[in-house]
Amino acid sequence: MHSMLTPACRISCVLIFMNCFCLFADDVQQEGQSPGPVHEPLILAHYMPWYSAKPFSDQWGWHWTMNHFDPEKELNGQRQIASKYQPLIGPYDSGDPHVLEYHLLLMRLAGIDGVIVDWYGLTDYRDYAVLHRNTTRLLQQCERLKMKFVICYEDQTIPALVEGQRIASGDRVSHAIQEIDWLGKYWFKSGSYVKLDGKPVLLSFGHSGLNSAEWAQCLSGLASPVAYFSQDVRRDRAIGGFGWPAPKVGLIQVDRFRKEAARWPEAIPAAFPRFDDIYREANVGEGYPQLPDDSGRTFVSTLSKALEARSRMIQIATWNDWGEGTQIEPSVEFGFRDLEHLQSVRSRSPRASNGADLRLPEKLLQRRRSTTDLEVQKALDETAQLIINGSVNEARRRLNVPDSKMPQ
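The written sequence of each chain sets the order in which its residues are numbered from 1. For a predicted model such as this one, the threshold for reporting local features is a pLDDT of at least 70, and the threshold for listing and counting side-chain atom pairs is 80 or more; totals across whole chains, interfaces and linings nevertheless cover every residue. Hydrogens are left out, water is left out, and the side-chain values use all remaining heavy atoms of the structure.

## Remarks on unusual backbone geometry
Residue P55 follows K54 across a cis peptide bond; omega there is 0°. Counting from the N terminus, the helices are the DSSP runs of H or I reaching at least four residues and the strands are the DSSP runs of E reaching at least two. If you trace the backbone, P55 turns up in the loop between strand 2 (42–47) and helix 2 (62–65). Cis peptide bonds are those with omega within 30 degrees of zero, and the linkage from A317 to T318 qualifies with 15°. Inspection of the secondary structure assignment puts T318 in the loop between strand 13 (313–316) and helix 10 (337–345). Its identity is not glycine, yet N67 carries a phi of approximately 55°, on the positive side. Structurally, the position occupied by N67 is in the loop between helix 2 and strand 3 (74–75).

## Some words on the environment of S204
Within the secondary structure, S204 is located in strand 8 (residues 199–204). As for S204 and F229, which are separated by 25 residues in sequence, their C-alpha atoms are 6.7 Å apart. Dropping the residues within four chain positions of it, S204 is found in contact with C152, Y153, D155, W215, Y228, F229, S230, Q231, R235 and F242. Separated by 2.7 Å, the side chains of S204 and Y228 make a polar contact. Throughout, a contact is declared for two residues whenever any of their heavy atoms are within 4.5 Å. A 3.5 Å cut-off defines polar contacts: any pair of N or O atoms within that distance qualifies, except that in protein one atom must be a possible hydrogen donor and the other a possible acceptor, and neighbouring residues in sequence count only when both atoms are side-chain atoms.

## Here's the deal with the environment of G323
Looking at the secondary structure, you find G323 in the loop between strand 13 and helix 10. Working definition: with a 1.4 Å probe on protein chains only, accessible area under 20% of the residue-type maximum means buried, over 50% means exposed, and in between means partly exposed. Using a relative accessible area of 4% as the deciding quantity, one classes G323 as buried. For the pair formed by G323 and A82, sequence separation is 241 residues and the distance between their alpha carbons is 5.9 Å. Beyond its immediate stretch of four places on either side in the chain, G323 contacts Y51, M66, A82, D276, D277 and I278.

## Focus: the side chain of H46
Tracing the chain through its elements places H46 in strand 2. Given a relative accessible area of 0%, H46 falls into the buried group. Among the polar contacts listed, one links the side chain of H46 to the side chain of D118, at a separation of 2.6 Å. Every residue in contact with H46, bar those within four places of it in the chain, is listed here: I116, D118, C152, W244, Q315, I316, A317, T318, W319 and N320.

## Some thoughts on the layout of surface pockets
One way to see where empty space is left: roll a probe the size of a water molecule over the atoms. Cavities and pockets were defined on a 1 Å grid built from protein atoms only: a cavity is a group of points that admits a 1.4 Å probe but offers it no way out, a pocket is an open group of points flanked by protein on both sides within 12 Å along at least five of seven lines, and a lining residue is one with an atom within 4 Å of any such point. Grid points are joined across faces, edges and corners, and a volume is the space filled by probe spheres set on the points. Of the volumes computed, that of the largest pocket is approximately 970 Å³. Every residue lining the largest pocket is counted, 38 residues in all, and those nearest its centre are Q156, F205, Y279, Y288 and E324. Only helix 2, helix 4 (128–145) and helix 5 (157–163) provide two or more residues apiece to the lining of the largest pocket.

## A closer look at the packing of aromatic side chains
Here the distance between the centres and the angle between the planes together describe a pair of aromatic rings. In summary, the pairing rule links any two rings of Phe, Tyr or Trp, Trp by its six-membered ring, whose centres are within 6.5 Å, and it sorts them by plane angle into stacked for under 30 degrees, edge-to-face for over 60 and tilted for everything else. Scanning the entire structure with this criterion turns up 22 aromatic pairs. With centroids separated by 6.5 Å and ring planes inclined at 85°, the aromatic side chains of Y153 and W215 adopt a geometry described as edge-to-face. Here the residue Y153 occupies a position in strand 6 (residues 148–153), and W215 occupies one in helix 7 (residues 212–221), the gap between them amounting to 62 residues. Relative to W244, the ring of F242 lies with its centre 6.5 Å away and its plane at 90°, an arrangement referred to as edge-to-face. Just as F242 is buried, W244 falls in that class too. Members of the aromatic cluster, each reached through a chain of ring pairs, are W119, F149, Y153, W182, Y186, W187, F188, Y193, W215 and Y228. We count a charge as sitting over a ring when the NZ of a lysine or the CZ of an arginine lies within 6 Å of the ring centre and within 35 degrees of the ring normal. One residue, R274, lies across the ring of Y85, its end atom 5.4 Å from the ring centre.

## Brief notes about the pairing of strand 6
Of all 6 residues that make up strand 6, 6 are buried, and the element is covered over most of its length. What you see with strand 6 is no split at all: K148, V150 and C152 on one side and F149, I151 and Y153 on the other are buried throughout. What makes two strands pair is DSSP finding at least two bridges between them. Note: strand 5 (residues 114–119) against strand 6, 6 bridges, orientation parallel. By the bridge assignment, I116 is partnered in strand 6 with V150. Where the polypeptide runs from strand 5 across helix 4 and back to strand 6, its parallel neighbour, the crossover connection is right-handed. Here 3 bridges tie strand 6 to strand 8, and the two strands are oriented parallel to one another. When the sheet's bridge partners are listed, C152 is paired in strand 8 with L203. Handedness of a crossover is defined as follows: orient the strands so they point away from the viewer, and if the path from the first strand over the helix to the second runs clockwise, the crossover is right-handed.

## Observations concerning the pattern of salt bridges
The salt bridge criterion pairs a side-chain nitrogen of Lys or Arg with a carboxyl oxygen of Asp or Glu, the two atoms within 4 Å. Counting across every chain of the model gives 26 salt bridges. Linking R312 and E266 is a salt bridge whose minimum nitrogen-to-oxygen distance equals 2.5 Å. Within this pair, whereas R312 is found in the loop between helix 9 (297–308) and strand 13, its partner E266 is found in strand 11 (residues 266–268), the two being separated by 46 residues in sequence. The exposure class assigned to R312 is buried, which follows from its relative accessible area of 13%. Overall, the relative accessible area of 14% leaves E266 in the buried class. One connected set of salt bridges, linked through shared partners, spans E101, R144, R368 and D381.

Here it is in C-alpha cells:
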C-alpha cells in the first residue's frame, strides 16, 4: 500500500528529524583540513563519466545511443537518446569542463558534498581510457570548486581484460593491486579525496569481478590501507557495505540493507528517486522491473531512511545514470524537484541556498557556451567561485539575473 503522505508532508517529517539529529563525523575530512565537528553526514552523488556527445566529441557515445537511438534525430523537440528522460541541458559530453562545472555547482547549491565516480581502471581497452580521462577532468574540477571525491572501482573490468587477453587469469589480484596502488600514489593524495579515519575511501561495484577471497588478498597486498566498502554486503576485510537500488527486490531492499548494516562498523546507505531503465526499448536486454518515482515520494522516503541510519556518509544513486533512469540531475520531466528537496533537508547547513539559486549554474553554462572570448571566460571563472563561496547574490548580479526573474 502506498503512503498517503504528500511529498510536502514527508519533507516536514525529514526537517523535524534533522532538527533533532546531530551527527558528529570528526574523522570524515579532506586531507589538509583540520578536523572538526560536522553536524550532518557527508552526502555524495554517484557519478557516471561515460557520456560522449557532439559537438564536443566527434561522435555520439554508446550510453546516448545503445546502438539503437540516434541523437541526431528529434521528436517533439527532444533528441532521441537512450533514456526515458531528457537532461535539462540536453545530452552532453562527460569530458566537457563546462558541463562538469555545471554539475558540481548544482550539487554544491543543493547541499551535496561531492561525487562517487565509476572508474574502470587504467588499461586502454574498450572505452576505459576515455572514462579515465573524463574522471581525471572531474577530479580537477572537484579540486578547483572545493568539492569532494571518491572512487568506485568497477572490478568487472578484470574478467573482461582476461577474456580480451590483456591480462592473464592468474594476475587478477595483482592487477587490482596495481590499479589501487596507482590511486594511492596519485588521486588518494588529493585534498579533495575523502578520508575515513585517515584512510582513503574506496568502493567496488557489483559482484562479477573479484570474489571475496580475491578482494581479501588484494586489500592485504596494497601499499597503503584503504577504507573499503563492497556493494550491498560486507565482504571480508571490508569496513562495511554500500546500498544500491535493487529493482528485482523492490523498495524492501532499503530496509534489508539497514538491518544488515546495523551490525557493521560502517555503512553507506543509498537514497534514490526511481529505477526506470531503457534497456528493453534499446534492445539491450529484457530490462529490470521498475521502481516507481511515485511523484517524488521514493526519493523523499529513501533519503529520510538514509539519514535515520546515522551513517557518516550517504550515497545518492545516482546523479546521472540516464540509461537506468535513476538520475537526480535536473531533467525536462522533473525539473529541479529532487535538488530542491535536498536543499530543504540540508537547510541547517550554513551554505544552504534556495530553489531559485539552482538556476544559476545553467545560466553560467549558457554564457560559457555562447562565447570563446578568454576574458569573458575568466570573468565566468570568478562567478563560479562566487557560487562556491556562497556569494550567490553577487553571482546573480554578474549573470544579470534579477531576483524577480528567478523562478520561486
